[in-house]
Amino acid sequence: MSTIDYYEILEVGRSATTDDIKRAYKRLAFEWHPDRNPGSRDCEERFKVLNEAYQVLSNPDKRARYDSFGHISSEGLFTEFDFEAGFGDIFGDLINEVFSGAARGKSRRGKDLRYSIDLTFDESLTGCGKTIQVPRRTECPECDGSGAAPGGDIPCQSCGGRGELQYSQGLFAIRRTCPTCGGSGRRIVKGCIECNSLGYAIIEHDITVKVPAGISDGARLRMRGEGDAGYIGSANGDLYIDVHVEEHPLFRREGDDLHCTVPISFVQAALGDEIEIPVPGGKSTITIPAGTQSGQTFRMKGKGVPRLEGRGAGDLYLDIHVEVPVKLNRTQRLLLEEFARASKEENVPMAKRFVSRLQELINK
Ligand SMILES: [Zn+2]
Ligand SMILES: [Zn+2]
């Protein structure tokens, strides 16, 4: 995640008020707006970051979260930013007006949150439960999110409690969210003490993620309703969890199958042997038959990765690599020379075929 200082981006101090931030944003947004700087990727990028900064700092709840966590470990704490909302602000809520219904519906649902977890290779194969701490917007139980003390709110006078204003412009009937009450239709005359009239608090929740056996690196889990609380009666956001799986020193995963390169000596290959091999969660023994060739593969059915959907598991492939000695002492050399003298063509059928084909080619 970014380590960009949002205050620096907006050229304001840490104690800036929401109005200061809004003013700074408007000024800079006009300066960096892509329409005013056509074709400049740099400006586009700056504009994007500017929007991001504004999204966070103009929202008291995100700003509080940013102030506490932004520079320590922001990984996974922030949600995807909704660029349209910031955009709408400079152009007189134009976008919000045009998409009135949809935009309001969207903004009332709690935000989705993102988080990432690291798994060992073994955990990805067996599945596991991981508990993570997620700070999220939580509705105040005292006032049910209204921010008002019991009996402490009255209908908003600007909109008559409807939460939106309607007027016509040319041929269009335009509805816009009531700016006085922000769409709630209520005006608070006596605030809730518990939440300081905010209607919510940022509370760190322990959430246990059930990771299914067989999950792969880069997968994303979704926990419905575990994101930020929605605004009064609206649905909660979702929590998305990105899964990172550590590499294994011996196994390589391909789909539901596992591959493992198994080096054996040329003597083991020629004579055959019993060897130890790794299997998920432990080890096992297999018999290598005499005359095993380099590049040969042995398959252990069902010893691969458990299938996420459906039954069974993939297979484990043992890719044999015959290792030729890199250095010989005198005794070994003499023995091998002796071996060569005693060897016949039938010891090396592939080489024999190769030589005869080569001969055929030359004699053509
Ligand atoms: Zn109102
Ligand atoms: Zn409250």
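What you are looking at is a predicted structure, and each value in this text was computed from that prediction instead of being measured.

1. A look at the overall build of the protein
And then number 1: The secondary structure content of the protein amounts to eleven helices and 15 strands.
And then number 2: Burial status across the protein gives 22% buried among its 364 residues.
And then number 3: Counting contacts in the protein only where the partners sit at least 6 residues apart, residues at least 24 apart contribute 64% of the total.

2. Observations regarding helix H11 (residues 349-363)
And then number 1: With 15 residues, H11 should cover 21 Å at 1.5 Å per step; its first-to-last C-alpha distance of 21 Å lies within 8% of that length.
And then number 2: For H11, a buried count of zero out of 15 residues is recorded, marking the element as mostly open to its surroundings.

3. A closer look at the environment of Gln268
And then number 1: Within the secondary structure, Gln268 sits in helix H9 (residues 266-271).
And then number 2: Among the residues examined, Gln268 registers 18 C-beta atoms within 10 Å and is labelled partly exposed.
And then number 3: For the pair Gln268 and Ile288, spaced 20 residues apart in sequence, the C-alpha to C-alpha distance is 7.9 Å.

4. Some remarks on the nonpolar core
And then number 1: Tyr6, Leu10, Leu50, Ala53, Tyr54 and Leu57 are the most contacted members of the largest nonpolar core, which has 14 residues in total.
And then number 2: If you list the elements that add at least two residues to this core, you get helix H1 (6-9), helix H2 (18-32) and helix H3 (41-57).
And then number 3: Ranked by the residues each element gives to this core, the list is headed by H3, at six residues.
And then number 4: Other than its neighbours up to four places away in sequence, Leu57 contacts Tyr6, Leu10, Ile21 and Arg63.
And then number 5: Counting residues in each nonpolar core, the second largest holds ten residues, with Tyr115, Leu119, Val211 and Ile215 among its members.

5. Thoughts on the sheet that holds strand E15 (residues 316-323)
And then number 1: In spatial order, the strands read E10-E11-E15-E14; together these four strands make up an open sheet with mixed pairing. Every other strand in the sheet has two partners, leaving strand E10 (251-254) and strand E14 (297-300) as the edge strands with one partner each. Averaged over all pairs of adjacent strands, the angle between their axes in this sheet comes to 30°, without regard to strand direction.

6. Quick look at the sheet that holds strand E1 (residues 113-119)
And then number 1: With mixed pairing, the three strands of this open sheet are ordered in space as E1-E9-E8. Each edge of the open sheet carries a strand with a single partner, namely E1 and strand E8 (220-223). Neighbour-to-neighbour, the strand axes of the sheet open up by a mean angle of 25°, direction not taken into account.
And then number 2: Where E1 and strand E9 (residues 239-245) come together, seven bridges link them in parallel fashion. Of the residues in E9, the one forming a bridge with Leu113 is Leu239.

7. Some points on the packing of H2 against H3
And then number 1: Running from amino to carboxyl end, H2 crosses H3 at an angle of 165°, the nearest separation of the two axes being 10 Å. Our classification of the angle between H2 and H3 gives roughly antiparallel. Regarding H2 and H3, the two cross each other, and that crossing is left-handed. For the pair formed by H2 and H3, the contact residues are Ile21, Tyr25, Leu28, Ala29 and Trp32 on the first element and Cys43, Arg46, Phe47, Leu50, Tyr54 and Leu57 on the second.

8. What about H3?
And then number 1: Helix length check: H3 (17 residues) gives 24 Å between terminal C-alpha atoms against 24 Å at 1.5 Å per residue, within 8%.
And then number 2: Regarding H3, the residues found buried are Phe47, Leu50, Asn51, Ala53, Tyr54, Gln55, Val56 and Leu57.

9. A short note on unusual backbone geometry
Of all residues except glycine, most have a negative phi; of all peptide bonds, most are trans.
And then number 1: Even without being glycine, Glu11 reaches a positive phi, approximately 55°.
And then number 2: Examined against the element boundaries, Glu11 turns out to sit in the loop between H1 and H2.
And then number 3: A residue is classified by how many C-beta atoms lie within 10 Å of it, and Glu11, with 12 of them, is exposed.

10. Digging into the confidence of the model for the protein
And then number 1: Put simply, the protein has an average pLDDT of 82, and 88% of its residues get 70 or more.
And then number 2: Below pLDDT 50 for its whole length, residues 71-106 participates in 44 contacts with residues either more than four positions away or in separate chains.

Cut-off values and rules
Residues numbered from 1 in each chain as written. Chains lettered and ligands numbered in written order. Predicted model: local features only at pLDDT ≥ 70, side-chain atom pairs only at ≥ 80, totals over all residues. Helix = DSSP H or I, 4+ residues; strand = E, 2+ residues; numbered from the N terminus. Buried ≥ 20, exposed ≤ 12 C-beta atoms within 10 Å, placed from the backbone. Contact = placed C-beta atoms within 7 Å. Expected span 1.5 Å × (residues − 1). Core = buried A, V, L, I, M, F, W, Y, C linked by C-beta atoms within 7 Å. Pairing = 2+ DSSP bridges. Axes fitted to C-alpha atoms, helices over the stretch in contact; angles between N-to-C directions. Parallel < 35°, antiparallel > 145°, perpendicular 65-115°, else oblique. Left-handed = near helix turned anticlockwise from the far one by under 90°. pLDDT = per-residue confidence, 0-100.

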